[in-house]
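Observations on chain architecture
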Amino acid sequence: MMITSPYAEQLARIPVRAHRVDVDGTETVWWEYGEADAPVLVLVHGFRGDHHGLEPVVAQLPGFRIVSPDLPGFGESATFAGRPHDIEAYAAWLGAFIDAVGITGPYTLLGHSFGSIVSSAAVAGGLSPERLVLVNPIGAPALEGPRGIMTRLAVFYYRTAAALPERAGFALLRNGAIVRVMSVTMAKTRSKPLRRFIHDQHDRYFSAFGDRDAVLEAFRASVSNDVSQYAADITVPTLLVAAEHDQITPLSAQHRLVTLFPDATLEVIPEVGHLIHYETPGDAASRILTFLGAGARA
């Protein structure tokens, strides 16, 4: 039985429509929340998730037209045909997606976790949102520092899953115990109902991918790149929404990251880890709204 989202009532007040569009040969499924004539916010979700993960944040942002796709290879979107699932491909896809859905006026781009790398690479490469918001940004190389050993273990896990026969490989990737350990490790909230919701979300959507090789390629991309590579080339006003206890990028690295941008602000949400989008979406939305409001007044 699906556990009801603590944000369901707020989300239900926002109209939503599902769409499919061909983006340079990749069928992409995307969701549109809010009114068609409202200010536009484009969302890019994290690794192994899909658009569902950012719905708690969507629920806190009435008054926007929110465009939220499933990344190629995840959720309901198709995998890339004939090209690897690397940062270059995802960044090119993002620009083509924005063109394909007809966004021609001003918009804000928001990337979470792996989506922060994709969004940053796209903007550094010429994509031109009015403003950029990075939630739980990946601000330092995952293969370096104290987290490097755990990352290498994860690389081994994904490589093993890709090398096994198809059925066994999918079973390993979708192993419920492994997904639950990840979820328990990342969740910081003491609220038992919220923890149950987070675990249920990961159980339901963390294994919604189309291809083992695509998952491995995307994982390699996620741990071999980070936002700091692109920051100096991002000239649009940028907001970093970081977590005090992020397990992926320590807070010290976020304080360094913000100095690499020509125009960036860092907001730190206390007592939360890498799941800002599930645990403190209201706090994140409040800081995002302040940032967008300040931009409008400038």
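This one's a predicted model, so the numbers in the text were calculated from it and none came from an experiment. Per-chain numbering applies: the sequence of each chain, read as written, is numbered from 1 onward. Local features in this predicted model are restricted to residues of pLDDT 70 or higher, and side-chain atom pairs are both shown and tallied only at a pLDDT of 80 or more, whereas totals for entire chains, interfaces and linings draw on every residue. The side-chain values count all of the structure's non-hydrogen atoms but skip hydrogen atoms and water molecules.

Quick look at the overall build of the chain now. The helix and strand tally for the chain stands at 12 helices and 8 strands. Its C-alpha atoms give the chain a radius of gyration of 18 Å, within 12% of the compact-globule value 19 Å for 298 residues. In terms of overall dimensions, the chain has C-alpha extents of about 55 × 40 × 40 Å along its principal axes. Within the span of the chain, comprising 298 residues, buried residues form 56% of the whole. We call two residues contacting when some pair of their heavy atoms lies within 4.5 Å. Long-range pairs, those at least 24 residues apart, make up 73% of the contacts in the chain between residues at least 6 apart in sequence. For the purposes of this entry, the term helix denotes a DSSP run of H or I that reaches at least four residues, the term strand denotes a run of E that reaches at least two, and both are numbered from the N terminus. The atom set for the radius of gyration is the C-alpha atoms, and the globule formula is 2.2 Å times the number of residues raised to the power 0.38. Each residue gets one of three labels from its accessible area relative to the maximum for its type: buried under 20%, exposed over 50%, partly exposed in between, using a 1.4 Å probe on protein chains only.

Axis separation between helix H7 (residues 176-186) and helix H8 (residues 192-205) bottoms out at 9 Å; the angle between their running directions is 140°. As summarised for this structure, H7 and H8 are arranged oblique, according to the angle between their axes. As H7 packs across H8, the resulting crossing turns out to be right-handed. Across the interface between the two elements, Val-179, Arg-180, Met-182, Ser-183 and Val-184 of H7 pack against Arg-195, Ile-198, His-199, His-202 and Asp-203 of H8. For the contact of H7 with H8, the class distribution of residues is 4 nonpolar, 3 polar and 3 charged. Axis lines are fitted through C-alpha atoms, for helices just across the contact stretch, and the angle between N-to-C directions can take any value from 0 to 180 degrees. An angle below 35 degrees is treated as roughly parallel, one above 145 as roughly antiparallel, one from 65 to 115 as roughly perpendicular, and anything else as oblique. Each crossing gets its hand from how the near helix is turned against the far one by less than a right angle, where anticlockwise is left-handed and clockwise is right-handed. When residues are sorted by character, Ala, Val, Leu, Ile, Met, Phe, Trp, Tyr, Cys and Pro go into the nonpolar class, Asp, Glu, Lys and Arg into the charged class, and all the rest, Gly among them, into the polar class.

So, about the pattern of salt bridges. We define a salt bridge as a contact between a side-chain nitrogen of Lys or Arg and a carboxyl oxygen of Asp or Glu at a distance within 4 Å. Summed over all chains, the structure comprises 10 salt bridges. Arg-65 is the partner of Glu-32 in a salt bridge, and the nearest nitrogen-oxygen pair spans 2.7 Å. Pair noted here: Glu-32 is in strand S2 (residues 26-33) and Arg-65 is in strand S4 (residues 65-69), with a separation of 33 residues, a long-range link. Judged on exposure class, the residue Glu-32 and its partner Arg-65 are both buried. For Glu-267, the salt bridge goes to Arg-287, with nearest N and O atoms at 2.8 Å. Within this pair, whereas Glu-267 is found in strand S8 (residues 264-269), its partner Arg-287 is found in helix H12 (residues 281-297), the two being separated by 20 residues in sequence. On the basis of relative accessible area, Glu-267 is assigned to the partly exposed category, the value being 28%. Three or more residues joined by partner-sharing salt bridges are found here, namely Arg-17, Glu-32 and Arg-65.

This next bit is on the nonpolar core. The tendency in soluble globular proteins is for nonpolar side chains to be buried as a group. To define a nonpolar core, start from buried Ala, Val, Leu, Ile, Met, Phe, Trp, Tyr and Cys residues and group those joined through side-chain atoms within 4.5 Å. Core analysis: the largest hydrophobic core is formed by 60 residues, its most contacted members being Leu-94, Phe-97, Leu-109 and Phe-114. Take this core: its biggest share by element is 9 residues, from helix H3 (residues 87-100). Contacts of Phe-114, omitting those with residues within four sequence positions, involve His-45, Gly-46, Phe-47, Leu-71, Ile-87, Tyr-90, Ile-138, Ala-218, Ala-221 and Ser-222.

Each pair of strands is called paired provided DSSP finds at least two bridges between the two strands. Here 8 strands make up an open sheet; going across it, the order is S1-S2-S4-S3-S5-S6-S7-S8 and the pairing mixed. Either end of the sheet is taken by a strand with one partner, and the two such strands are strand S1 (16-23) and S8. Going from strand to strand, the sheet's axes swing by 20° on average, the running direction of each strand aside. Relative to S2, S1 is paired through 8 bridges, and the arrangement is antiparallel. In the sheet register, His-19 faces S2, and the bridge partner there is Trp-30. Across the sheet, H3 touches S1, S2, strand S3 (40-44), S4 and strand S5 (107-112), and the angle it forms with S1 is around 115°. Across the face of the sheet, helix H4 (residues 114-124) comes into contact with S3, S5 and strand S6 (131-135) while running at roughly 140° to S5.

Look at H3 against H4: their axes get within 8 Å of each other, and the N-to-C directions meet at 70°. Here H4 runs roughly perpendicular to H3, going by the angle between their axes. Handedness of the H3/H4 crossing: right-handed. Across from Ile-87, Tyr-90, Ala-91 and Leu-94 in H3, the residues of H4 making contact are Phe-114, Ile-117, Val-118, Ser-119, Ala-121 and Ala-122. In terms of residue class, the contact of H3 with H4 is built from 9 nonpolar, 1 polar and no charged.

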